[in-house]
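As a plain string of letters, each chain reads:
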Amino acid sequence: MRDRYGDAFTVNVPIFGRAVVVSDPAEVRQMFMTSRDVADNLDRNLGRVLGPGSLFALAGEEHHRQRRLLIPPFHGRRLAAYEKIVEEETVRELASWPQGRAFPTLPSMMRITLNIILRAVFGSEGAELAALRELLPRAIKLGSRLAVLPIPKVDLGWWSPWGRFWAMRREYDAIVARLISKAQRDTSLDERDDILALMLQSRYDDGSAMSRAEIADQLLTLLAAGHETTATTLAWAVERLRRHPTVLRALVEEADSGGSALREATILEVQRTRPVIDLVGRQVKADSLQVGRWTLPKGYAVLVSIALIHDNESLFPNARTFDPHRFLGARPDLYQWIPFGGGTRRCLGAAFANMEMHVVLRTMLREVTLVPTDEPGERWHSRGVANAPAKGGRAIVRRRTADTLPSVAARAAGPATPGRTTDASTIS
Ligand code: HEM
């Protein structure tokens, strides 16, 4: 469509109706800076599956009020507290990886990120967490597909996909109600740093607390939004790195010597070249909205195309080339590099996801050798909301032995300064 019509065009999308897709940097910037009264979330959004109290469902002042309450757990020092959980969960999962034969890494990444978010949200282990670990993958898989389907007027029970989803939702609500009751009885709640404990203690400006229904919807939102997106990005990282052995080698050396600059740049480049969410949507709420060259009437959907802006040659020369060095020592422009969306609705968990991806990759590079491949890149596969590598980010790994592990002296020597080592012949 871009090749035919340029960087903006109109499409008819079954659930959103007529929608304008934009990808010009100035227009994208404008959409992200536009005030909530002029353009806000799409009327049909993920709140359809996550519940009316979900951040995705809320708009205007109510969205602002809830978001302010949810920000603290995702900030600075709090994030450092979750790093240990991420490393533990990664080491545990890596121990189950087979050696010397190909397997998809996506299911592993899904287990890692689900366990991390469950522990970050609820704190300690127990029967309820085990039940959620079993229930959530099924519910999120079905919910992601239903997100773009009409909602039936009657509940046909297990005969219909929506009926099955609602039954799972009732199961989720019952488990979360038990967890909330337990937390409310906990006399050391104020010493806990899990997200549920923080939510229970937080207060709106008028001094009131979040209701149980609000907490249940917000927790489901965090569990759903924070799990599959991070896992699919990590599976793409494996897929890309196996096809770029020079980058891979440099990353291993850097991880062994305690550095992180190239790894940071690599995560940015994986997200640029393989954004797991294609686009973010807004709806015109004012009588009209002037976007660049067009005046859009009230109600029109505007889809900001993440995939197209990341593929823009004038912003990212050789845009189809995977080259982490383009981000080495350079911070991305947050209106051009937009895997987390932007503006007042930018992903709440972006810093959390970034920390997670860092620690998972660092741990993986230290524990196993990823065997490079010259197979063609994996194709995109839509899982409903997120786009994953079609073969699940297949890998062949070998456990690192004493002679491939860094010596204690090398680790202690501190961060390396990786050079520009990309071998253009290995880049596709
Ligand atoms: C690589 C991983 C992730 C990607 C690519 C991603 C991407 C996105 C995108 C594109 C949006 C929509 C932003 C917009 O409309 O402008 C979003 C929203 C959101 N994400 Fe993420 N996300 C990731 C990880 C996470 C994690 C780990 C969490 C929570 C722990 C999370 C929680 C949320 C929430 C709550 C919203 C709704 C924000 C709002 O409406 O105010 N995400 N994410």
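Coordinates for the structure precede this section.
A brief report on the enclosed structure follows. Just so we're clear, the structure is a prediction, and the values are computed from it rather than from any experiment.

Reading guide: rules and limits
Starting from 1, residues in each chain are numbered consecutively following that chain's sequence as written. Whole-chain, interface and lining totals are the exception, using all residues; otherwise, since this is a predicted model, local features are given only for residues with pLDDT of at least 70 and side-chain atom pairs are given and counted only at 80 or more. Heavy atoms throughout the structure, all of them, feed into the side-chain values; hydrogens and water do not. Note on conventions: DSSP H or I runs of at least 4 residues are helices, E runs of at least 2 residues are strands, and numbering of each starts at the N terminus. With C-alpha atoms as the basis for the radius of gyration, the globule rule is written as 2.2 Å multiplied by the number of residues raised to the power 0.38. For every residue, the accessible area obtained with a 1.4 Å probe (protein chains only) is divided by the maximum for its type, and the residue is called buried under 20%, exposed over 50%, and partly exposed between those limits. What makes two residues a contact is simply this: any of their non-hydrogen atoms within 4.5 Å. Positive charges are assigned to Lys and Arg, negative charges to Asp and Glu, while His and the chain termini are left out of the count. Positions of charges follow a simple convention, taking NZ of Lys, CZ of Arg, CG of Asp or CD of Glu. Here the expected length of a helix is defined as 1.5 Å per residue gap, with one fewer gap than residues. By convention in this text, a residue qualifies as near a molecule or strand provided that one of its non-hydrogen atoms is within 4 Å of it. Polar contacts, as counted here, are pairs of nitrogen or oxygen atoms within 3.5 Å of one another; within protein the pair requires one atom able to donate a hydrogen and one able to accept it, and residues that are adjacent in sequence qualify only if both atoms are side-chain atoms. Each residue gets one label: Ala, Val, Leu, Ile, Met, Phe, Trp, Tyr, Cys and Pro are nonpolar, Asp, Glu, Lys and Arg are charged, and the others, such as Gly, are polar. To count toward a patch, a residue needs a relative accessible area over 30% and no salt bridge; like charges are then connected within 9 Å, while nonpolar side chains (Val, Leu, Ile, Met, Phe, Trp, Tyr) are connected within 5 Å. Here the Shrake-Rupley method, with its probe set to 1.4 Å, supplies the accessible areas, and only the displayed protein chains count as covering residues. We define a salt bridge as a contact between a side-chain nitrogen of Lys or Arg and a carboxyl oxygen of Asp or Glu at a distance within 4 Å. Axis definition: a line fitted to C-alpha atoms, limited for helices to the stretch in contact. Angles are taken between N-to-C directions and run from 0 to 180 degrees. Crossing handedness: left-handed means the near helix sits turned counterclockwise from the far one by under a right angle, and right-handed means the same turn made clockwise. With water omitted from the atoms examined, metal sites may look incomplete; donors here are N, O and S atoms no farther than 2.8 Å from the metal, or 3.2 Å in the case of Na, K and Ca. In what follows, roughly perpendicular refers to angles from 65 to 115 degrees, roughly parallel to angles under 35, roughly antiparallel to angles over 145, and oblique to any angle outside these ranges.

**Some remarks on the overall build of the chain**
What the chain contains, in helices and strands, is 16 helices and 13 strands. Its C-alpha atoms give the chain a radius of gyration of 22 Å, within 12% of the compact-globule value 22 Å for 428 residues. C-alpha atoms of the chain, sized along the principal axes, occupy 60 × 60 × 45 Å. The buried share of the chain, taken over its 428 residues, is 53%. For the chain, restricting intrachain contacts to residue pairs at least 6 apart in sequence, the fraction spanning at least 24 positions comes to 73%. In the chain, which carries 58 positive and 49 negative side-chain charges, the distance between the mean positions of the two groups comes to 4 Å.

**Overview of helix H10 (residues 212-225)**
Along its 14 residues, H10 runs 20 Å from first to last C-alpha, staying within 8% of the 20 Å computed at 1.5 Å per residue. Burial runs high along H10: 11 of the 14 residues are buried. By the burial criterion, the buried members of H10 are Glu214, Ile215, Ala216, Asp217, Gln218, Leu219, Leu220, Thr221, Leu222, Leu223 and Ala224.

**A word on the site of the ligand**
Around the ligand lies a shell of 27 residues, among which His63, Arg67, Arg282, Gly342 and Cys347 are the nearest. Here an oxygen atom of the ligand and a side-chain polar atom of His63 are 2.7 Å apart. For the ligand, an oxygen atom lies 2.8 Å from a polar atom in the side chain of Arg282. Secondary-structure elements contributing two or more residues to the shell around the ligand are helix H4 (60-70), H10, helix H11 (228-242), strand S5 (279-284) and helix H15 (350-367). Taken together, the residues of the shell around the ligand break down into 14 nonpolar, 10 polar and 3 charged.

**Observations concerning a nonpolar patch on the surface**
On the surface, a nonpolar cluster with roughly 420 Å² of combined accessible area is contributed by Val154, Leu156 and Trp159. Residue placement: Leu156 occurs in the loop between helix H7 (127-146) and helix H8 (161-185).

**As for the packing of H7 against H8**
Running from amino to carboxyl end, H7 crosses H8 at an angle of 145 degrees, the nearest separation of the two axes being 10 Å. In the crossing of H7 with H8, the sense of the turn from one axis to the other is left-handed. Between H7, through Glu128, Ala131, Leu132, Leu135, Leu136, Arg138, Ala139, Leu142, Gly143 and Leu146, and H8, the contact on the second element is made entirely by Pro161, Trp162, Arg164, Phe165, Met168, Glu171, Tyr172, Ile175, Arg178, Leu179 and Lys182. In terms of residue class, the contact of H7 with H8 is made up of 14 nonpolar, 1 polar and 6 charged.

**Quick word on the coordination of the iron atom of the ligand**
Protein coordination of the iron atom of the ligand is limited to a single donor, Cys347 (SG), which sits 2.3 Å from the metal. Mapped onto the secondary structure, Cys347 falls in the loop between helix H14 (306-310) and H15.

**Section: the side chain of Thr221**
Topologically, Thr221 is positioned in helix H10. Beyond its immediate sequence surroundings of up to four residues, Thr221 is in contact with Leu50, Ser54, Leu55, Phe56 and Gly226.

**Quick word on the packing of H11 against helix H13 (residues 261-273)**
Their axes nearest at 10 Å, the elements H11 and H13 cross at an angle of 100 degrees. Here H11 lies roughly perpendicular to H13, going by the angle between them. Counting all contacts with H11, which are made through Thr233, Trp236, Ala237, Arg240 and Leu241, the residues of H13 involved are Thr266, Val270, Gln271 and Thr273. Residue composition of the contact of H11 with H13, by class: 4 nonpolar, 4 polar and 1 charged.

Just distances and angles here, no functional claims.
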